[in-house]
Amino acid sequence: MLRNRSPLLVLPFAITSLVAAGCSSPAQAGPPPSVIELDANAVRAAGRAVALPLREIGGQLLVEPRRGRSPFVPPVSALAPNGLGVAFSDQPPGQVVPLTVGRADGSQADVGLPGVRGAAFAPDGSALVVVDGAGALWSLDPATGVSVQIAVGPFGSSPAVLPDGRILAVRLSSVEAPASADAVFVDPETGQESAVMSGDGESEVLVYQALPMDGRVVGIVRHRAGGGISVFLVDDDQAGDSILDLDEVAVVDVTRDGALVAWTAAGRAYLGAAGQASSARDLGPADRVRFSPDGTLLLVSSVGAATVLDLSGTVVESASPAACWLGDGRGCRP
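This section reports on the structure supplied with the text. If you're wondering where the values come from, they're calculated on a predicted model, not measured in any experiment.

This next bit is on the packing of aromatic side chains. Counted by the stated rule, this structure contains 1 aromatic pair. With a centroid separation of 5.7 Å and 20° between ring planes, the pair formed by Trp 263 and Tyr 270 is classed as stacked. You'll find Trp 263 and Tyr 270 in the same group, each marked buried. One residue, Arg 171, lies across the ring of Phe 155, its end atom 5.7 Å from the ring centre.

This is how it looks when you write it as structure tokens:
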């Protein structure tokens, strides 16, 4: 059990670049991805430990990953909501290196997937979904490293596992140059896809983000005709309510209840109430912004620096540039 004042949780890894030569593309018949296990002793002997120190700020837990004395933000990562598991790929998407899965007992597994684009843990930490380098979707058991392909896709780099077990993902027309992209639910047992939002007459839909919300509501960030983006909240009837329209492309986060929206565009961060973009507060220079799980704080990050703000924009504390919130399931990634 995590305690609010837990000083340090250490998950050590030994990172290798070995991928089984016989591992075939998930789009083809072939053996499952290789799994190379290292126990805690082997991990310690390799000297590649990653620490996950926890810090309580305003009742929320902030994780600040470190490797040695330096902040650690791999290009792809996922952190179990309970903090007892982590998965990461230590090379940018497009390079074929294993996905490393670390466990609370100090052991780790290198899973020889054909590249890694994104990953996410289930809310209880019992399963991990991974999008490989070709955009295929996999289900991985963190306890064993064994993975099973769910769907060929291709899918975007930020999947999410919902409380009911469905996978929320962005379905692409292609990985290299997608002409269209749409938010879908994927059944983890059958791989069957269903649209999150009903069509509105557009021939080509381009979804940038799909965000899990409270209950069965999903936040959708879509390209807007004429340029910019629109953000919709979508419920089970597939109807979308617009809560934000911008004339520029932005990376968006939304509180779980949909009441507040934060985004970064042109190197600056903004915060506003849903439906009130014109009165949004400019939070200053930033590359990304993320709400705490309870929506009361903001983590605003840029290259080499991060700060925690309250909803008035006041700085609460400084943070590591590698920091992320524990419990939002999205991991620490740039």
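Continuing now.
So, on to the pattern of salt bridges. For the structure shown, the criterion picks out 6 salt bridges. Put simply, Glu 37 and Arg 103 hold a salt bridge, and the shortest N to O gap is 2.9 Å. Here Glu 37 is found in strand β2 (residues 35–38), whereas its partner Arg 103 is found in strand β10 (residues 99–103), with 66 residues between them in sequence. In this structure Arg 103 comes out as buried when scored by relative accessible area, which is 12%. The shortest N-O distance in the salt bridge between Glu 317 and Arg 55 comes to 2.3 Å. You can see Glu 317 sitting in strand β31 (residues 315–319) and its partner Arg 55 sitting in strand β4 (residues 54–57), a full 262 residues away along the chain. Taking relative accessible area as the criterion, Glu 317 reaches 30% and is therefore assigned partly exposed. Each of Arg 55, Glu 64 and Glu 317 takes part in one network of salt bridges that share partners.

Reading the values: the criteria
- Residues numbered from 1 in each chain as written.
- Predicted model: local features only at pLDDT ≥ 70, side-chain atom pairs only at ≥ 80, totals over all residues.
- Heavy atoms only, no water.
- Phe/Tyr/Trp six-rings, centres within 6.5 Å; stacked < 30°, edge-to-face > 60°.
- Buried < 20%, exposed > 50% of the residue type's maximum accessible area, 1.4 Å probe, protein only.
- Lys NZ or Arg CZ within 6 Å of the ring centre and 35° of its normal.
- Salt bridge = Lys/Arg side-chain N within 4 Å of Asp/Glu carboxyl O.
- Helix = DSSP H or I, 4+ residues; strand = E, 2+ residues; numbered from the N terminus.

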